[in-house]
Amino acid sequence: FSTKAAMQGHVESRFNVGCHDLHKGNHDRAVRHFQISAKMGHKISLDAIKKMLMAGVATKEQYTQALKGYQKAMEEMKSHGRDEAKSLREKQGL
């Protein structure tokens, strides 16, 4: 089910499929899955690619692409209302 959900855009499923490929030793496939989910704003996927880069199984270019995509997703999710709600929650200790 994870594969089907991943292909339909479910970010956590995409990450899980990447983890499965990583554990099977399919590093290229894992990086591709992590890149896609990072570009949807999934920080853990971005961190996974960074770890793979440090381990020598991902390239700097792959990490850079994922980072740019992640940053773009974060920028697209910004809104004044969301920032105000976050500030209010922090003030209330939530």
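Computed from a predicted model, the values in this text were never measured in an experiment.

Caption draft 1: Here's a closer look at the overall build of the protein chain. Of the regular secondary structure elements, the protein chain holds six helices and zero strands. The N-to-C order of helical and strand elements in the protein chain reads α-α-α-α-α-α. With the C-alpha coordinates of the protein chain rotated into their principal frame, the extents come out at 45 × 30 × 25 Å. Of all 94 residues assigned to the protein chain, the portion counted as buried reaches 29%. Partitioning the intrachain contacts of the protein chain with sequence separation of at least 6 by distance along the chain shows that 42% fall at a separation of at least 24.

Caption draft 2: Representation of the side chain of S45. Along the chain, S45 falls in helix 4 (residues 43-55). Within the local environment of S45, its side chain forms a polar contact with the side chain of H42, the two groups lying 2.6 Å apart. Ignoring any residue separated from it by four or fewer positions in sequence, one finds S45 in contact with F15, F34, S37 and A38.

Caption draft 3: Quick look at helix 5 (residues 60-77). In this model helix 5 runs 26 Å from its N-terminal to its C-terminal C-alpha over 18 residues, within 8% of the 26 Å that 1.5 Å per residue would give. Taken residue by residue, helix 5 has Q62, Y63, A66, G69, Y70 and A73 as its buried positions. What you see down the axis of helix 5 is that its buried residues fit within an arc of 130°, all on one side. The exposed residues of helix 5 that point more than 90 degrees off its buried face are K60, E61, K68 and K72. Next to the buried residues of helix 5 lie helix 3 (27-38) and helix 4.

Caption draft 4: Geometry of the side chain of H42. The topology assignment puts H42 in the loop between helix 3 and helix 4. Among the polar contacts listed, one links the side chain of H42 to the side chain of E12, at a separation of 3.2 Å. If we ignore the near neighbours within four places in the chain, the residues touching H42 are V11, E12, F15, S37 and Y70.

Caption draft 5: Molecular detail of the packing of aromatic side chains. For the coordinates displayed, the defined rule picks out one aromatic pair. Between the aromatic rings of F15 and F34, the centroid separation amounts to 5.4 Å while the plane-to-plane angle is 35°, which identifies the pairing as tilted. On the criterion of sequence distance, the pair formed by F15 in helix 2 (residues 11-24) and F34 in helix 3 is long-range, its members being 19 residues apart. Of the two residues examined, F15 and F34, each falls in the buried class.

Caption draft 6: View of the confidence of the model for the protein chain. The share of residues in the protein chain with pLDDT of 70 or more is 99%, and the mean pLDDT across the chain is 92. Within the protein chain, the element-level pLDDT minimum falls on helix 1 (residues 2-7), averaging 79, and the maximum on helix 4, averaging 98.

Caption draft 7: The nonpolar core, seen in detail. In terms of nonpolar packing, the biggest core is built from 13 residues, with F34, L46, I49, M52, A58 and A66 touching the most fellow members. Among residues more than four places away in sequence, those in contact with I49 are V31, F34, Q35, A58, Q62, Y63 and A66.

About the cut-offs
Residues numbered from 1 in each chain as written. Predicted model: local features only at pLDDT ≥ 70, side-chain atom pairs only at ≥ 80, totals over all residues. Heavy atoms only, no water. Helix = DSSP H or I, 4+ residues; strand = E, 2+ residues; numbered from the N terminus. Buried < 20%, exposed > 50% of the residue type's maximum accessible area, 1.4 Å probe, protein only. Contact = heavy atoms within 4.5 Å. Polar contact = N/O pair within 3.5 Å; in protein donor to acceptor, adjacent residues only side chain to side chain. Expected span 1.5 Å × (residues − 1). Arc of directions from axis to C-beta. Phe/Tyr/Trp six-rings, centres within 6.5 Å; stacked < 30°, edge-to-face > 60°. pLDDT = per-residue confidence, 0-100. Core = buried A, V, L, I, M, F, W, Y, C linked by side-chain atoms within 4.5 Å.

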